[in-house]
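Summary of the model geometry
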Amino acid sequence: MEPYSVTLPRVNENGYYKMRLESIGGLGANLCGKLLGELGAEYLGLSAASFSSYGSEKRGSPVKAYVRWGAPGQAIRHNSPVEQPHLLALFHLALGQNLPVTAGVEEGCSVVVNTAAAPEDARRQLRLYGGTLCCVDAQRLAMETKSRVNMILLGALARASGFIPLEAVFALIRDTLGKKYPSQLERNLAGAKSGYGEVRQKYFAPDGAYPPVPYREPQGVWGWRTAPMGGVNPLPGNLVSNDLSASREGYLPLFLPEKCIHCGLCDSTCPDMVFQFLPGEYRGKPAMLNSGLDYHHCKGCMRCVDVCPTGALAAGLEREHPNPRWQRQNRDLAGEGPHYEAAGRVSRILCKR
């Protein structure tokens, strides 16, 4: 097919239009970045380059994707992280609690956020310096269309860009995902269409309410010169202080204690220490009893619901249960209160040691 004719609305000093996607594993940012690269190269006739940055390939790990577009025939010679994006996507509003996901945002940037909040509330939570804030309830739309969050945000990014034709996004989905997952084609198309159509956007001029956040590469205390011998990893993939709730996709397990027989199958299948068992008595004998779930650790995989033999765990809509009744703080966390990191392994550690 002939590529769509588009003109990049703005570029940096090197002639690049730049995008950055901020997410955690499980929401599809890596695939979305790849699709954006292919969209520019194959469907818009532009020069394009994209790559992702992530640690362990598992749900809940930090993920960043970077995309650069240039004029047709222009060589793209930069393969570094995108520091000052023209288009930024945040796959969950909670990522902005303690992580500098809006670093490098300037007045001309468009920021797409997966949130049900209004742009004014989202700006306050992100402490956004300025720019155009585009809010889309991607989680709800993904559930309604039975697609994925990344498809919703792909459509929302096209809308926020101001120049990417929705028809080009449809063609991309048909030719790539449609061939690999034909049974999901109509759902993915519906997801992209709903993301494009339900963006709520508002421009915020830099007014001094929040300072600009400069972009800095994460710097660890230990590096190749300073790390001790023996292969010690000071930042394992999952810490007990990780808050992984941002990786859920609309569902969470609800605990029905009256049906629980405390068999421990939920704890055995759970990958993230969600279930809190404490000493007690069951049927007249000492036993470890399921006292509840630490939902900060729950990634919404729903394995526990599948494995529970008595129906003591049921799938529920997260938006209907913002404060689950059976929330129990992990017994291994010291101190009082929910001392958790925001998300992923490189976040600021907030728990008491």
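The paragraphs below set out a description of the structure included in this document. (Residues numbered from 1 in each chain as written. Predicted model: local features only at pLDDT ≥ 70, side-chain atom pairs only at ≥ 80, totals over all residues. Heavy atoms only, no water.)

Thoughts on the overall build of the protein chain
Within the protein chain, the regular secondary structure consists of nine helices and eleven strands. Split into buried and exposed, the 353 residues of the protein chain put 49% on the buried side. Put simply, of all contacts in the protein chain between residues at least 6 apart along the chain, 70% involve residues at least 24 apart. Surface exposure of the protein chain reaches about 17,300 Å², of which carbon and sulfur atoms provide 51%. (Helix = DSSP H or I, 4+ residues; strand = E, 2+ residues; numbered from the N terminus. Buried < 20%, exposed > 50% of the residue type's maximum accessible area, 1.4 Å probe, protein only. Contact = heavy atoms within 4.5 Å. Areas by Shrake-Rupley, 256 points an atom, 1.4 Å probe, with all protein chains shown as cover.)

Focus: the packing of helix 4 (residues 149–161) against helix 7 (residues 185–197)
Closest axis-to-axis distance for the helix 4/helix 7 pair is 6 Å, and the angle between their directions is 40°. Considering the angle they form, helix 4 stands oblique to helix 7. With respect to the hand of their crossing, helix 4 and helix 7 are arranged in right-handed fashion. Contacts between helix 4 and helix 7 pair M151, I152, G155, A156, A158 and R159 from the former with N188, G191, A192, S194, G195, Y196 and G197 from the latter. Residues that form the contact of helix 4 with helix 7 fall into these classes: six nonpolar, six polar and one charged. (Axes fitted to C-alpha atoms, helices over the stretch in contact; angles between N-to-C directions. Parallel < 35°, antiparallel > 145°, perpendicular 65-115°, else oblique. Left-handed = near helix turned anticlockwise from the far one by under 90°. Nonpolar A, V, L, I, M, F, W, Y, C, P; charged D, E, K, R; others polar.)

Description of the packing of aromatic side chains
A full pass over the atoms with the stated rule returns five aromatic pairs. Judged by centre distance (6.2 Å) and plane angle (25°), the ring pair of Y17 and W69 falls under stacked. Taken together, the residues span a long stretch of sequence, with Y17 in strand 1 (residues 17–24) and W69 in strand 3 (residues 62–70) at a distance of 52 residues. Here Y17 matches W69 in class, with each residue buried. Considering the side-chain rings of F51 and Y66, the 5.1 Å spacing of their centres and the 40° angle between planes classify their relative orientation as tilted. Within this pair, whereas F51 is found in strand 2 (residues 47–54), its partner Y66 is found in strand 3, the two being separated by 15 residues in sequence. Through a chain of ring-to-ring contacts, three or more aromatic side chains come together here, namely Y17, W69 and F163. (Phe/Tyr/Trp six-rings, centres within 6.5 Å; stacked < 30°, edge-to-face > 60°.)

Focus on the sheet that holds strand 6 (residues 131–136)
Taken together, the seven strands give an open sheet; going across it, the order is 2-3-1-4-5-6-7, and neighbouring strands pair in mixed fashion. Because the sheet does not close on itself, it has two edges, and the strands there are strand 2 and strand 7 (200–204). Taking each pair of neighbouring strands and ignoring which way they run, the sheet shows an average axis angle of 15°. Pairing of strand 4 (residues 87–90) with strand 5 (residues 110–114) involves four bridges; the strand directions are parallel. Paired with L90 across the two strands is V113, which belongs to strand 5. (Pairing = 2+ DSSP bridges.)

A short note on the pairing of strand 10 (residues 285–293)
Pairing geometry for strand 9 (residues 275–282) and strand 10, over seven bridges, is antiparallel. For P279, the partnering residue across the bridge sits in strand 10 and is M288. Two successive antiparallel strands, strand 9 and strand 10, enclose a turn made up of two residues, where R283 displays a positive phi of approximately 55°.

A short note on the nonpolar core
With 50 residues, the main nonpolar core has L39 and W69 as its most contacted residues. The element contributing the most residues to this core is helix 4, with nine residues. One finds L93, L99, V113 and A246 within the second-largest nonpolar core, a separate group that totals 19 residues. (Core = buried A, V, L, I, M, F, W, Y, C linked by side-chain atoms within 4.5 Å.)

Overview of helix 7
Taking 1.5 Å of rise per residue, the 13 residues of helix 7 would be expected to cover 18 Å, and the 18 Å separating its terminal C-alpha atoms lies within 8% of that figure. Residues of helix 7 that are buried: L185, N188, L189, G191, A192, S194 and G195. (Expected span 1.5 Å × (residues − 1).)

Some remarks on the pairing of strand 5
Of all five residues that make up strand 5, five are buried, and the element is covered over most of its length. By the alternation rule, side chains of strand 5 split into S110, V112 and N114 and V111 and V113, which are all buried. Between the parallel elements strand 5 and strand 6, the chain passes through helix 2 (residues 119–126) in a crossover that is right-handed. (Right-handed = clockwise from strand over helix to strand, strands pointing away.)

What about the environment of H92?
With respect to the helices and strands, H92 occurs in the loop between strand 4 and strand 5. Spatially, the C-alpha atoms of H92 and D137 are 9.7 Å apart, while their sequence positions differ by 45 residues. With residues near it in sequence (within four places) discarded, H92 still touches N114 and A246. Polar side-chain contacts of H92 include one of 3.1 Å to the backbone nitrogen of A94. (Polar contact = N/O pair within 3.5 Å; in protein donor to acceptor, adjacent residues only side chain to side chain.)

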